[in-house]
Amino acid sequence: MRKILLISSSKVYGSGYLDHCSQQIDDFLEGIETILFVPFALADHEGYAAQARQRFAKMGRGLDSLHEAPDPRAAVAEAQAMFIGGGNTFRLLKALVEAELVGPIRQRVAGGMPYMGSSAGSNVACLTIKTTNDMPIVYPPTFDALGLVPFNLNPHYLDPDPDSPHMGETREARIREFHELNKPPVLGLREGALLRVDGGRAELQGSKGARLFQQGEEATEYSPGEDLSFLLEER
């Protein structure tokens, strides 16, 4: 019974850390008293954990950071729920693989432990990290990620701006390049959007919509509140 919340970004313009999705987080974590936080996507683990701890305290919940755990695998095994924060996806995946946490996290989520990710933390919940926006500042042993959902995300998705003089590739063009060699669907989550998965149901939530890209097909637009459960079908 998967229970997953994938957030495009921890901040949106004009609001603070996780403010824009605090209600959805509160609903998602109903009955959970303490969160296990994974700060590995940023270099400053202490500062990142302090920021997250302060925010979750406002929601009436405690937070333990995985970087403080004497036995990270035991901490994952005992966690009530997990939140993996954003930052650099390559750094994050490398840390998870080297700490031998990929398998334990998969097992816990398959067993019903709530998993929440933001940006890079949402990327690693997917099949691979091949559709991240991040630079490869480190070289993880693999691009294969946690595989908690059978598709990929592109968090912070930006629509093409027809009035911009910028001549570089758009996000859409990059995702089209991905589909020249890879089959999995890619959901472009705009900032302010999030995807909630409960078992076999997936619902788009938040203040912004999402754009779905599938190999050989036209992109499709989805609005908050729409059912995206078809994305959970194994391909």
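Keep in mind the model is a prediction, meaning the values are calculated, not measured. (Residues numbered from 1 in each chain as written. Predicted model: local features only at pLDDT ≥ 70, side-chain atom pairs only at ≥ 80, totals over all residues. Heavy atoms only, no water.)

Taken together, the four strands give an open sheet; going across it, the order is β6-β7-β10-β11, and neighbouring strands pair in mixed fashion. Each edge of the open sheet carries a strand with a single partner, namely β6 (152-155) and β11 (220-222). When strand polarity is set aside, the average angle formed by the axes of neighbouring strands in this sheet is 25 degrees. Here strand β7 (residues 186-189) runs beside strand β10 (residues 210-213); their pairing, made up of four bridges, is antiparallel. For L187, the partnering residue across the bridge sits in β10 and is L212. Against the sheet, helix α7 (residues 171-181) contacts β6, β7 and β10, and its axis sits at roughly 30 degrees relative to β10. (Pairing = 2+ DSSP bridges. Helix = DSSP H or I, 4+ residues; strand = E, 2+ residues; numbered from the N terminus. Axes fitted to C-alpha atoms, helices over the stretch in contact; angles between N-to-C directions. Contact = heavy atoms within 4.5 Å.)

For the rest of this paragraph, the subject is the environment of R106. Mapped onto the secondary structure, R106 falls in helix α5 (residues 102-110). Judged by its relative accessible area of 38%, R106 falls in the partly exposed class. Linking R106 and G121, residues 15 residues apart in sequence, is a C-alpha distance of 14 Å. Apart from residues lying up to four places away in sequence, R106 is in contact with A145, L146, G147 and L148. (Buried < 20%, exposed > 50% of the residue type's maximum accessible area, 1.4 Å probe, protein only.)

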